[in-house]
Amino acid sequence: MTTPADLRWLSPTALHAGGPRGLVKATERTLWNLGFEDVRVIDGSGDRGADILAVRGHEEWVIQAKWSSSGPVDSDGVNEVNHAFEHYRADKAVLVTNTYVSLPAQRRADALRGIGLDLTIWNGATLAAIGAHMPDKVEGRHQPREYQTEAVEEIEADLLQ
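Calculation rules
- Residues numbered from 1 in each chain as written.
- Predicted model: local features only at pLDDT ≥ 70, side-chain atom pairs only at ≥ 80, totals over all residues.
- Heavy atoms only, no water.
- Phe/Tyr/Trp six-rings, centres within 6.5 Å; stacked < 30°, edge-to-face > 60°.
- Helix = DSSP H or I, 4+ residues; strand = E, 2+ residues; numbered from the N terminus.
- Buried < 20%, exposed > 50% of the residue type's maximum accessible area, 1.4 Å probe, protein only.
- Salt bridge = Lys/Arg side-chain N within 4 Å of Asp/Glu carboxyl O.
- Core = buried A, V, L, I, M, F, W, Y, C linked by side-chain atoms within 4.5 Å.
- Contact = heavy atoms within 4.5 Å.

J.: Can you walk me through the packing of aromatic side chains in this structure?
T.: For the structure on display, the rule yields one aromatic pair. Aromatic pair Phe36 and Trp61: ring centres 4.9 Å apart, planes at 85 degrees, arrangement edge-to-face. In this pair, Phe36 sits in the loop between helix 2 (19–33) and strand 1 (38–41) while Trp61 sits in strand 3 (residues 59–66), placing the two residues 25 residues apart along the sequence. The two residues Phe36 and Trp61 agree in class, both being buried.

J.: What am I meant to see in unusual backbone geometry here?
T.: When glycine is set aside, most residues are seen to have a negative phi, and most peptide bonds are trans. You will see that Arg48, though not glycine, has its phi angle at about 60 degrees, which is positive. Its place among the elements puts Arg48 in the loop between strand 1 and strand 2 (52–56). The class of Arg48 is partly exposed, set by a relative accessible area of 43%. The phi torsion at Arg89 lies on the positive side, around 50 degrees, for a residue other than glycine. If you trace the backbone, Arg89 turns up in the loop between helix 3 (75–88) and strand 4 (92–97). Looking at Arg89, the relative accessible area reads 72%, which means it is exposed.

J.: Explain the pattern of salt bridges to me, please; I cannot follow it from the model alone.
T.: Two side chains with opposite charge may pair up if their charged atoms get near one another. Inspection of the entire model under this criterion finds five salt bridges. Where Lys92 meets Glu59, a salt bridge forms, and the shortest distance between an N and an O atom there is 4.0 Å. With Lys92 in strand 4 and Glu59 in strand 3, the pair connects residues that are 33 residues apart, well separated along the chain. Residue classification places Glu59 among the partly exposed positions, given a relative accessible area of 31%.

J.: What is the right way to look at the nonpolar core in this model?
T.: Side chains of a nonpolar character, in soluble globular proteins, are inclined to be buried together. Grouped together as the largest cluster of nonpolar side chains are 20 residues, with contacts concentrated most on Leu31, Ile63 and Trp122. Only helix 2, strand 2, strand 3, strand 4 and helix 5 (124–132) provide two or more residues apiece to this core. Setting aside anything within four residues of it in sequence, one finds Leu31 in contact with Phe36, Val39, Ile52, Ala54, Ile63 and Trp122. Grouped together as the second largest cluster of nonpolar side chains are 17 residues, Val62, Val78, Leu95 and Leu117 included.

What follows is the structure in structure tokens.
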């Protein structure tokens, strides 16, 4: 099982320090650890409200990451992930934040769920809880060849720094 030191990339301090790009990277890494088969970061201009597209089983997910330096994420984040849900015709939507969502944002999310949006909100505490149950490594589909082993070990050591 993973130790708290191994989860430094999901700690509230790391999520805050990483800024918007760090939150997207932490979310991507979390999705791989949760068994998603296809995770694509599409963050940028023209992303239609999705920062990440992912597949798990036969379900397509859209993820909107909203970083905040302090305080809650407002309804704009919920509206963006709703737009992405509709545009990409996803099965599930997730709004990820390093902090939490405001009461109006929570009400907006509840209203959208009432009309069929399968929306989940992952806040900083949710990410920490997910991280506490993650294995140490994402199991690969392929074993590295003998000549690749040293490179893999060096990459893993670098990631722990």
